[in-house]
Amino acid sequence: MEVHHHSHTARKKWTHYFWEFLMLFLAVFCGFLAEYQLEHKIEKDREKQYSKTLYEDLKADTVILNGMIQETNFVIPKVDSFRYLVHTKAIDDIPSGIWYYYGRFGTRNIAASLQNATLQQLVSSGGLRYFKKQNVVYAIAAYDQATRDINNSGDAQLTTLNEVLKARNQIFDSWYMDEIMSLTVSSSKVDSFKQTSPPLLSRKKEDFIQYASFCQVRSFNIKRLVERLAIALNKAEKLMLLLKKEYHLQ
């Protein structure tokens, strides 16, 4: 006769389950902490890297902005001088070289080409979240808005540029402007050119007045542009100082 023995599994104590649960919990928790620390380090590294590249872009931008301010401050009086001459002088009262010299500035297109790759990446990709210092975030946003205002001023210039060119080309043969187109032409060469007599395509006063009227719009838009350039330069310099202070940049 076969004898069947019943196997009895010993019941584990509740403390055994408690320690199993605790060990599992600690393993998961430690894994979470490690992942959190890694993510935190990655974000800190990105914050530091973004601060460096943005700082370098701003250094380049301040050079560009200063150059544009110098250019606009050079161009504006020349445009206004042409307008003044049109309304105070007869066409034949002064050499045509003077008309050519001042008349060329009405079509000067002053365009910004800022180093905004890092700034656009921060704004468009949500990269601003890496910056934990709110004063830095506000300063970046302020500079971004200032650059947008510059672009809007540039768009305002372009809306009238074709009409201004047509009005200018009714009066002047641009061939004769080549030698004085650069802003770095020496004053002696400018003075010499003013005394020359390149041919005018029109001597009608109304054509000069029409072009001068377009120049008035151009002058207004360029003056708005220079104001916005100065604001952007101020925002850029403040942001640079802030980045240098907060992230100990050299």
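Just so you know, these numbers come straight off a predicted model, no measurement behind them.

What counts and how
- Residues numbered from 1 in each chain as written.
- Predicted model: local features only at pLDDT ≥ 70, side-chain atom pairs only at ≥ 80, totals over all residues.
- Heavy atoms only, no water.
- Helix = DSSP H or I, 4+ residues; strand = E, 2+ residues; numbered from the N terminus.
- Buried < 20%, exposed > 50% of the residue type's maximum accessible area, 1.4 Å probe, protein only.
- Contact = heavy atoms within 4.5 Å.
- Areas by Shrake-Rupley, 256 points an atom, 1.4 Å probe, with all protein chains shown as cover.
- Polar contact = N/O pair within 3.5 Å; in protein donor to acceptor, adjacent residues only side chain to side chain.
- Phe/Tyr/Trp six-rings, centres within 6.5 Å; stacked < 30°, edge-to-face > 60°.

### Notes on the overall build of the protein
Then step 1. Helix and strand content of the protein: 6 helices and 0 strands.
Then step 2. Counting from the amino terminus, helix and strand elements in the protein follow one another as α-α-α-α-α-α.
Then step 3. In the protein, which comprises 250 residues, the share counted as buried stands at 37%.
Then step 4. Contacts in the protein between residues at least 24 apart in sequence constitute 88% of all its contacts with a sequence separation of at least 6.
Then step 5. As presented, the protein carries roughly 15500 Å² of accessible surface, and 56% of it is formed by carbon and sulfur atoms.

### Details of helix α2 (residues 96-103)
What sets the pattern is the α-helix's 3.6 residues per turn: residues three or four places apart point alike.
Then step 1. Most of α2 sits inside the fold, with 8 of its 8 residues counted as buried.
Then step 2. Among all positions in α2, only Ser96, Gly97, Ile98, Trp99, Tyr100, Tyr101, Tyr102 and Gly103 are buried.

### Observations concerning the environment of Gln121
Then step 1. You can see Gln121 is positioned in helix α3 (residues 117-124).
Then step 2. The class for Gln121 is partly exposed, based on a relative accessible area of 40%.
Then step 3. Along the chain, Gln121 and Tyr50 lie 71 residues apart, while their C-alpha atoms are 9.7 Å from each other.
Then step 4. Ignoring sequence-local partners within four residues, the contact set of Gln121 consists of Tyr50, Gly126 and Gly127.
Then step 5. A distance of 3.3 Å separates the side chain of Gln121 from the side chain of Tyr50, its partner in a polar contact.

### Quick notes on the side chain of Thr72
Then step 1. Considering the arrangement of structural elements, one finds Thr72 in helix α1 (residues 14-88).
Then step 2. In terms of polar contacts, Thr72 uses its side chain to reach the backbone carbonyl oxygen of Ile69, at 2.9 Å.
Then step 3. With sequence-adjacent residues up to four places away left out, Thr72 is seen in contact with Pro77, Ile110, Ile222, Leu225, Val226 and Leu229.

### Here we look at the packing of aromatic side chains
Then step 1. Enumeration according to the criterion identifies 12 aromatic pairs in this entry.
Then step 2. Centroid distance Phe74 to Phe105: 6.0 Å. Interplanar angle 65°. Geometry classified as edge-to-face. Of this pair, Phe74 sits in helix α1 while Phe105 sits in the loop between α2 and α3; the two residues are 31 residues apart in sequence, bridging distant segments of the chain.
Then step 3. Phe74 gets classed as partly exposed once you look at its relative accessible area, which sits at 29%.
Then step 4. An angle of 80° between the planes, with centres 6.1 Å apart, marks the rings of Phe131 and Tyr247 as edge-to-face. Placement of the pair is Phe131 in the loop between α3 and α4 (134-169) and Tyr247 in helix α6 (residues 205-247), with a sequence separation of 116 residues. Of the two residues examined, Phe131 and Tyr247, each falls in the buried class.

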